[in-house]
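# Survey of secondary and tertiary structure
In case you want the letters, here they are:
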Amino acid sequence: MTTAIVVVSHSAQLAQGLCEVAAQMAPDVRLRPAGGTDDGRIGTSFDKLLTAVGELTADGPDGVVVLTDLGSATMTAESVLEMVEDDRVLLADAPLVEGTVAAAVAAQGGAGPEEVRRAAEEAALSFAATSRDGREEPAPGDDVLERVLQLHNPLGLHARPAAQLARLVTSFDARVEVNGVDATSVLALIGLGLSGGATMTVRASGPQAEHVLDAVAQVVDEGFGEE
């Protein structure tokens, strides 16, 4: 089973909407919104969060990662975690939107709860384009292959195709960059701000460099299924 995620917000609409966005990028991950008070006002509900966590842990997942927005939501989550006393339930100290996206993609890739929490907490840093000095260099003797591709889908490299691209490249034994950022980072890809018609330079090295470039070129030519 994959790691499940609970989104806690003072707004029920925000929690629900964020889960809907994340579900597009991580269709196999169980996402539960826990937003608003029991009577529909702005705030957080201990009972809502306890119910969400209880339902998920009852299904026997690898773990549950909880993300929150404001301080009182974090306090509510801490109280719930104390009550459930389950080591599989972890609270992430992460930005709600970016953290949820990063956590969902990590969980979709099969990451365990600790890795999912780490992905969420590193999300704010990952959103910025990574400098070359911070990237892993190709191994000695590895050739670096390059393709320049044009985005055909009208909205370009927004959240869903960015997640699709990140999942794709992780399935190959290769190091891949798009316009200088790590192609396995959804947030870094979104941060490029590439719209429809823009070009992207894809560089790959490693044993399956040519294969991953062919695969990336195919999904880009197909408009990520959005044309």
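Our subject in this report is the structure included herewith. (Residues numbered from 1 in each chain as written. Predicted model: local features only at pLDDT ≥ 70, side-chain atom pairs only at ≥ 80, totals over all residues. Heavy atoms only, no water.)

### Structural notes on the overall build of the protein
Along the protein, the regular secondary structure elements total nine helices and eight strands. For a compact globule of 227 residues, the expected C-alpha radius of gyration is about 17 Å, and the protein comes in at 19 Å, within 12% of that figure. Looking at the protein as a whole, 48% of its 227 residues are labelled buried. Contacts in the protein between residues far apart in sequence, at least 24 positions, make up 76% of those at least 6 positions apart. (Helix = DSSP H or I, 4+ residues; strand = E, 2+ residues; numbered from the N terminus. Rg over C-alpha atoms; globule rule 2.2 N^0.38 Å. Buried < 20%, exposed > 50% of the residue type's maximum accessible area, 1.4 Å probe, protein only. Contact = heavy atoms within 4.5 Å.)

### Quick word on the pairing of strand S6 (residues 175-178)
Pairing of S6 with strand S8 (residues 199-205) involves four bridges; the strand directions are antiparallel. Within S8, the position partnered with valine 176 by the bridge is alanine 204. What sits between S6 and strand S7 (residues 181-182) in their antiparallel hairpin is a turn of two residues, with asparagine 179 showing a positive phi close to 50 degrees. (Pairing = 2+ DSSP bridges.)

### Quick word on helix H7 (residues 159-170)
Relative to the 16 Å expected for twelve residues at 1.5 Å per residue, H7 spans 17 Å between its end C-alpha atoms, a close match to the ideal helical length. If you check which residues of H7 are buried, you get Pro161, Ala162, Ala163, Leu165, Ala166, Leu168 and Val169. Tucked inside the fold, the buried residues of H7 contact helix H1 (12-25), helix H4 (96-108), S6, helix H8 (186-191), S8 and helix H9 (209-221). (Expected span 1.5 Å × (residues − 1).)

### Concerning the nonpolar core
Inside soluble globular proteins, nonpolar side chains tend to come together where they are buried. By size, the foremost hydrophobic cluster in this structure holds 37 residues, and its most contacted members are Leu165, Met200 and Val216. Put simply, the parts of the chain that give this core at least two residues each are H4, H7, S6, H8, S8 and H9. No other element matches the eight residues that H9 contributes to this core. Inspection of this core shows a minimum of three residues originating in each of domain 1 (3-130) and domain 2 (144-225). One finds Val29, Leu31, Leu96 and Ala111 within the second-largest nonpolar core, a separate group that totals 22 residues. (Core = buried A, V, L, I, M, F, W, Y, C linked by side-chain atoms within 4.5 Å. Domains from an automatic or database assignment.)

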